[in-house]
Amino acid sequence: MVGVGGSLAEAALERMCPTEQRADYVGRAVSVGEKLPNSSLFLPHEGRAARIRDLSKGSLTLLVFWSPTCPECLEEIKALPKLRDRFSEDQLSILSITPAYDDGEMRAKHGDELWNAVKAGLDSTLACVDDYGSATLEYKVDEVPYLVLLDGQNVCKTWVVGNTSVEDLVRVIERQLP
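> Quick question: what am I supposed to make of the side chain of T125 here?
Mapped onto the elements, T125 comes out in the loop between α5 (112–123) and β5 (126–129). In terms of polar contacts, T125 uses its side chain to reach the side chain of S96, at 2.8 Å. Polar contacts involving the side chain of T125 include one to the main-chain carbonyl oxygen of L122, which spans 2.8 Å. Those residues within four positions of T125 in sequence are excluded, and the remaining contacts are L80, I94 and S96.

Okay, here's the thing in structure tokens:
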């Protein structure tokens, strides 16, 4: 059965993991095959804004929407260096996207050890801030962690919502590589 807003292609998908195109999220998420907006994001380390396509160097781009107040998200971010090690930058660009946050407040809230591990995870990505929430709205994010895999034309290849193991993400990405 196809959920509201779902397509036959989504319904027929052989899922690589339980969180890929999760049935209860179909119709609320972006659609596979949909050309997605070229949203503008802020790069805090560079002090400038840029469009998603301009930040993508790989044949695929993984957008990782997360929140610093979400425990599942922190675990996902901590695991990203393993994903980065598995794929070259020519194969996969990884953009981590979050609302603005205060580093000192997050360090105080989570403690040095956890926050240092999160920061190491972010260092394996291009860390972006969705200052005005436009990318969050355009990509239909209402639950995090939420990952969207795009091709070089900003077309959605697949999406994952919820905490997902690195091994599962590797299988999802490998299936989409040219």
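> What exactly am I supposed to notice about the nonpolar core here?
If you look at soluble globular proteins, the nonpolar side chains tend to sit buried side by side. Residues L62, W66, L83, L92 and I173 are the most contacted members of the largest nonpolar core, which totals 26 residues. Of all the secondary-structure elements, those providing two or more residues to this core are β3 (60–65), α3 (71–86), β4 (92–98), α5, β6 (146–151) and α7 (166–176). In contact with I173, other than residues within four places in its own chain, are L60, L62, L83, F87, L92 and L149. Counting 24 residues, the second largest nonpolar core, distinct from the first, contains L36, L41, C128 and Y146.

> Any chance you could explain the confidence of the model for the protein chain here in plain terms?
When pLDDT is low, close inspection of the predicted coordinates is not appropriate. Averaged over every residue, the pLDDT of the protein chain is 88; residues scoring 70 or more account for 92%. Overall, residues 1–13 carries pLDDT values under 50, and its contacts beyond four positions in sequence, including any with other chains, amount to 20 contacts.

Criteria and thresholds
- Residues numbered from 1 in each chain as written.
- Predicted model: local features only at pLDDT ≥ 70, side-chain atom pairs only at ≥ 80, totals over all residues.
- Heavy atoms only, no water.
- Helix = DSSP H or I, 4+ residues; strand = E, 2+ residues; numbered from the N terminus.
- Polar contact = N/O pair within 3.5 Å; in protein donor to acceptor, adjacent residues only side chain to side chain.
- Contact = heavy atoms within 4.5 Å.
- Core = buried A, V, L, I, M, F, W, Y, C linked by side-chain atoms within 4.5 Å.
- Buried < 20%, exposed > 50% of the residue type's maximum accessible area, 1.4 Å probe, protein only.
- pLDDT = per-residue confidence, 0-100.

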